[in-house]
Amino acid sequence: MSFKYKVLSLDGGGIRGVVPAIILKEIEQRTQKRIWQLFDLIAGTSTGGFLAMILTMPNSPDKTVARYSMEDIINMYRLDGKNIFYEPFLERLTDFDDLLRPKYSSEGRERIAKKYFQDAFLKDALTNIFITSYDIQIRLPVFFINNPTFQRHTGTNFRKLCNDYKMIEAAMATSAAPTFFEPYKLTIRGCNNCDKDDFYALVDGAVFANNPTALAIVEAIIYTQNNGENITLEDILVTSLGTGSLTRIFPYEKAVNWGKLQWIQPLINIFLDGASEVANYQLRQLLPEAYNSNKQYYRFQKELTEANDDLDNTTEENIELLEKVAQTIIQEQSRELDKLCEQLLA
């Protein structure tokens, strides 16, 4: 069976994005095709949003060739990760300051985003993309897409941005993780009823969709139906890549006495990992594996038993352990990868 529409979804997870990057390199090697050529839609949250756009970044002036190789992308994590999580504000004197302001300046993250995305616009992406963020003022999800045909500025419970917006702006918005970075201020453009000084105040889409797979499926159906195609759920092949599931334990004996301050960091870990796993559970029920039929939903994920699960642990040792996680997934799920690649090429 050949699926009519193929979706790739990439979880958030900070520096742990090196895990899906290595798996994607393996898929390219097995198929001998670039990732953007294999999927009709690539969705991502946070580091997954970075990945989605870098994978589809055109090589100017040739708009049909990707600018970066998978090795370039993997090296972004190896070499530039420490610059994304830039040194704390110079005036911070004690650890207590982490409670009063973001842990990191956005300067380093913005420099890396400029390095990779330059002046590329969302509409330049080589295939359809869907990037998540959240506006803390209007209290709505904000999605960055590349196809202006499906852009809506004023949905009742969302916003979609495309025309006049750049990849670097989407990258800064989707990766503005609360407590780690300040919200990203983005001037509203292309809105007839908006004041010139109006802006979005955007944070990491992981606050509501660390695993954006379900959203990506909905968007795929919207894309195809609005394009006059008769696509149903059964026609969509779904590939979802995690960044490692968390194993850190929060003992009851300690948590029972925690107040607001002690709960802040554990809650971030819990809702990021919990949201990813709930989405995976829902999709396994929605897209069950039936006997004698082609598999429709692939999820590549593994527990982080050795690697540190912090979003910002950019030490050489931890990145090596994360790369080991990716290689273990490839080895343990090699047959799954073969099946997927066969279906991607069908």
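All values reported here derive from a predicted model rather than from experimental measurement. (Residues numbered from 1 in each chain as written. Predicted model: local features only at pLDDT ≥ 70, side-chain atom pairs only at ≥ 80, totals over all residues. Heavy atoms only, no water.)

## Comments concerning the overall build of the protein
Consideration 1: Secondary structure summary: the protein contains 12 helices and 11 strands in total.
Consideration 2: For 346 residues, the compact-globule formula gives about 20 Å, and the C-alpha radius of gyration of the protein, at 20 Å, lands near that figure.
Consideration 3: If you line up the protein on its principal axes, its C-alpha atoms span 60 × 50 × 40 Å.
Consideration 4: Sequence separation of 24 or more characterises 73% of the internal contacts of the protein that already satisfy a separation of 6 or more.
Consideration 5: A total accessible area of about 16,200 Å² is found for the protein, and carbon and sulfur atoms account for 49% of it.
Consideration 6: Side chains of the protein carry 37 positive and 46 negative charges; the gap between the two charge centres is 2 Å. (Helix = DSSP H or I, 4+ residues; strand = E, 2+ residues; numbered from the N terminus. Rg over C-alpha atoms; globule rule 2.2 N^0.38 Å. Contact = heavy atoms within 4.5 Å. Areas by Shrake-Rupley, 256 points an atom, 1.4 Å probe, with all protein chains shown as cover. Lys, Arg positive; Asp, Glu negative; His and termini not counted. Charge placed at Lys NZ, Arg CZ, Asp CG, Glu CD.)

## Details of the side chain of Ser-276
Consideration 1: Structurally, Ser-276 can be placed in helix α10 (residues 260–286).
Consideration 2: On the basis of relative accessibility, which here comes to 3%, the residue Ser-276 falls in the buried class.
Consideration 3: At 3.3 Å, the side chain of Ser-276 and the side chain of Asp-11 are in polar contact.
Consideration 4: When residues no more than four places from it in sequence are discounted, the contact partners of Ser-276 are Asp-11, Asn-210, Asn-211 and Arg-299. (Buried < 20%, exposed > 50% of the residue type's maximum accessible area, 1.4 Å probe, protein only. Polar contact = N/O pair within 3.5 Å; in protein donor to acceptor, adjacent residues only side chain to side chain.)

## Section: the nonpolar core
Consideration 1: Residues Ile-23, Ile-27, Ile-35, Phe-117 and Phe-144 are the most contacted members of the largest nonpolar core, which totals 78 residues.
Consideration 2: No other element matches helix α1 (residues 18–31), which puts 7 residues into this core.
Consideration 3: Once residues within four sequence positions are removed from consideration, Phe-144 is found in contact with Leu-122, Ile-129, Phe-130, Ile-131, Ser-133, Leu-161, Glu-169, Ala-170, Ala-173, Leu-186 and Leu-202.
Consideration 4: In this structure, Tyr-5, Ile-217, Tyr-223 and Ile-231 belong to the second largest nonpolar core, which totals 19 residues. (Core = buried A, V, L, I, M, F, W, Y, C linked by side-chain atoms within 4.5 Å.)

## Brief notes about the pairing of strand β8 (residues 184–187)
Consideration 1: Burial along β8 is one-sided: the face carrying Tyr-184 and Leu-186 is buried and the face carrying Lys-185 and Thr-187 is not.
Consideration 2: Inspection of the sheet shows β8 paired to strand β9 (residues 199–204) by 4 bridges, in the antiparallel sense. For Tyr-184, the partnering residue across the bridge sits in β9 and is Leu-202. (Pairing = 2+ DSSP bridges.)

## Regarding α10
Consideration 1: End to end, α10 covers 37 Å across 27 residues, agreeing with the expected 39 Å (1.5 Å per residue, within 8%).
Consideration 2: At Pro-266, α10 shows its largest bend, some 35°.
Consideration 3: Looking at α10, one finds that the buried residues are Pro-266, Ile-268, Asn-269, Leu-272, Asp-273, Ser-276, Ala-279, Asn-280 and Leu-283.
Consideration 4: At its buried positions, α10 is contacted by α7 (206–209), α8 (213–226) and β11 (297–300). (Expected span 1.5 Å × (residues − 1). Bend = angle between axes of the 7 residues up to and from the residue.)

## Examining the packing of aromatic side chains
Consideration 1: Tallied over the entire structure, the rule returns 12 aromatic pairs.
Consideration 2: Centre to centre, the rings of Phe-250 and Trp-258 are 6.1 Å apart; their planes meet at 70°, and the pair counts as edge-to-face.
Consideration 3: Using a relative accessible area of 22% as the deciding quantity, one classes Trp-258 as partly exposed.
Consideration 4: In textbook terms, an aromatic cluster arises when at least three aromatic residues are bridged by ring pairs, as seen for Phe-85, Tyr-104, Phe-180 and Phe-181.
Consideration 5: Over the ring of Phe-199 we find Lys-185, and its NZ or CZ is 4.5 Å from the ring centre. (Phe/Tyr/Trp six-rings, centres within 6.5 Å; stacked < 30°, edge-to-face > 60°. Lys NZ or Arg CZ within 6 Å of the ring centre and 35° of its normal.)

## Topic: the side chain of Thr-45
Consideration 1: The residue Thr-45 is located in strand β2 (residues 41–45) in this model.
Consideration 2: Its relative accessible area of 0% is what places Thr-45 among the buried residues.
Consideration 3: Among the polar contacts listed, one links the side chain of Thr-45 to the backbone oxygen of Ala-209, at a separation of 2.7 Å.
Consideration 4: Not counting residues within four places of it along the chain, the set of residues in contact with Thr-45 comprises Leu-10, Asp-11, Gly-12, Thr-132, Thr-174, Asp-204, Gly-205, Ala-206, Ala-209, Asn-210 and Pro-212.

## So, the pattern of salt bridges
Consideration 1: For the structure shown, the criterion picks out 17 salt bridges.
Consideration 2: For the salt bridge of Arg-30 with Asp-338, the shortest nitrogen-to-oxygen distance reads 2.8 Å. Of this pair, Arg-30 sits in helix α1 while Asp-338 sits in helix α12 (residues 334–345), placing them 308 residues apart in sequence.
Consideration 3: For Arg-30, a relative accessible area of 27% corresponds to the partly exposed category.
Consideration 4: Judged by relative accessible area, Asp-338 falls into the partly exposed class, the value being 41%. (Salt bridge = Lys/Arg side-chain N within 4 Å of Asp/Glu carboxyl O.)

Without other data, these values stay purely geometric and don't point to any function.
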